Amino acid sequence: MSTVSQSIGGLAVTTKLAMKMEDSLQAFAVRAACFIGELDVPYSEEFDGHDFGATHIIAYVGDEPVGAVRVRWFKSFAMPERLAVIQRFRGNGVAQLLLERCRKLAETRGADKLYVQVLPQDAKYWEKQGWRRLEAEDAGASPKQVVAMIRAVDPSKPLPEADEAPDSVVLRRDQQAEGSVVPMRSAGR
């Protein structure tokens, strides 16, 4: 476990990579409570084939799992998804700790950027955390509008401006297609 200099109610807040099935089940339980229980997201949308090929990071207060994020890996970037924090622990920086652990992990794996797709109402929160909006070439008529955002893994090496970007992030729109991306739903921060 990775301990940080933060506590809630006198208990240390820690983060941990899911290394065993029990760890993964704890991450899934947090996500289920937040997305299925609170937001009425259908099970079939919350859990998909990417869960077992992704890295899961869990946040704990003491021994209780209180937050989770799933990270998928691509050639030059990492994609945090399904960020969730149990309702009673929101507002304590748990989401930021999970994203920071994700950033550090991406750095060790050689990724140079983090990429997320968020709901429009959550974009301001992500911008406050240092993320930058990407302009979509063709927003299309998608029923679920999303905002694509990126952040440099190494803050000392800022990303080039959009018109100077040497490569692009290309992901399919069809949510059923392999390699597809669904918007980042943030259940609490």
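For the structure itself, look to the data block above.
Residues numbered from 1 in each chain as written. Predicted model: local features only at pLDDT ≥ 70, side-chain atom pairs only at ≥ 80, totals over all residues. Heavy atoms only, no water.

**Q** Explain the overall build of the protein to me, and be specific about the residues and the numbers.
**A** Scanning the protein for helices and strands turns up four helices and eight strands. Written out in order from the N terminus, the α and β elements of the protein read β-β-α-α-β-β-β-α-β-α-β-β. Among the 189 residues that make up the protein, the fraction classed as buried is 45%. For the protein, the proportion of contacts with a sequence separation of at least 24, taken over those separated by at least 6, is 63%. Looking at the protein as shown, the accessible area adds up to about 10100 Å², and 51% of this sits on carbon and sulfur atoms. (Helix = DSSP H or I, 4+ residues; strand = E, 2+ residues; numbered from the N terminus. Buried < 20%, exposed > 50% of the residue type's maximum accessible area, 1.4 Å probe, protein only. Contact = heavy atoms within 4.5 Å. Areas by Shrake-Rupley, 256 points an atom, 1.4 Å probe, with all protein chains shown as cover.)

**Q** Describe the packing of aromatic side chains, naming the residues involved and giving the relevant values.
**A** In this description, a pair of aromatic rings is defined by centroid distance and the angle of the planes. Taken as a whole and judged by the stated rule, the model has seven aromatic pairs. Measuring from ring centre to ring centre gives 5.2 Å for Y43 and F47, while their planes differ by 40°; the resulting arrangement is tilted. Measuring from centroid to centroid gives 4.7 Å for F74 and F77, while their planes differ by 10°, and the two rings are stacked. Here the aromatic residues F28, Y43, F47 and F52 are joined through ring pairs into a cluster of three or more. (Phe/Tyr/Trp six-rings, centres within 6.5 Å; stacked < 30°, edge-to-face > 60°.)

**Q** Describe the environment of E100, and please don't skip the residues or the numbers.
**A** Examined against the element boundaries, E100 turns out to sit in helix α3 (residues 94-108). On the basis of relative accessible area, E100 is assigned to the partly exposed category, the value being 25%. E100 sits 53 residues away from V153 along the chain, and the two C-alpha atoms are 9.5 Å apart. Within the structure, E100 has its side chain in polar contact with the side chain of R103 (distance 2.8 Å). (Polar contact = N/O pair within 3.5 Å; in protein donor to acceptor, adjacent residues only side chain to side chain.)

**Q** Give me the pattern of salt bridges: which residues, what numbers.
**A** Using the criterion set out here, one finds 15 salt bridges in the structure. Between D51 and R70 there is a salt bridge, with its nearest N and O atoms 2.9 Å apart. Of this pair, D51 sits in the loop between α2 (43-46) and β3 (55-61) while R70 sits in strand β4 (residues 64-73), placing them 19 residues apart in sequence. Given a relative accessible area of 1%, R70 falls into the buried group. The shortest N-O distance in the salt bridge between R103 and E100 comes to 2.8 Å. (Salt bridge = Lys/Arg side-chain N within 4 Å of Asp/Glu carboxyl O.)

**Q** Now, about unusual backbone geometry: what can you tell me, with residues and values included?
**A** For D40, which is not glycine, the phi torsion reads 55° and is therefore positive. Residue position: D40 is located in the loop between α1 (21-38) and α2. Look at R82: it is not a glycine, yet its phi comes out positive at around 55°. Topologically, R82 is positioned in strand β5 (residues 77-85).

**Q** Would you mind going over the nonpolar core in detail, with residue names and values included?
**A** Counting 43 residues, the largest nonpolar core has W126 and M149 as its most contacted members. Here this core takes eight residues from α3, the largest share from any one element. With sequence-adjacent residues up to four places away left out, M149 is seen in contact with L114, Y115, V116, V118, A123, W126, E127, W131, R132, R133 and L134. (Core = buried A, V, L, I, M, F, W, Y, C linked by side-chain atoms within 4.5 Å.)

**Q** Go over the pairing of strand β6 (residues 113-118), please, and point to the residues and values.
**A** Burial within β6 is extensive, with six of its six residues counted as buried. Along β6, one buried face is formed by K113, Y115 and Q117 and the opposite face, lined by L114, V116 and V118, is buried too. Across two bridges, β5 lies against β6 in parallel orientation. If you follow A78 over to β6, its bridge partner there is L114. Crossover β5 to β6 through α3 is right-handed. Bridge analysis of β6 against strand β8 (residues 147-152) gives six bridges, and the strand direction is antiparallel. Its bridge partner lying in β8, Y115 is registered against I150. (Pairing = 2+ DSSP bridges. Right-handed = clockwise from strand over helix to strand, strands pointing away.)

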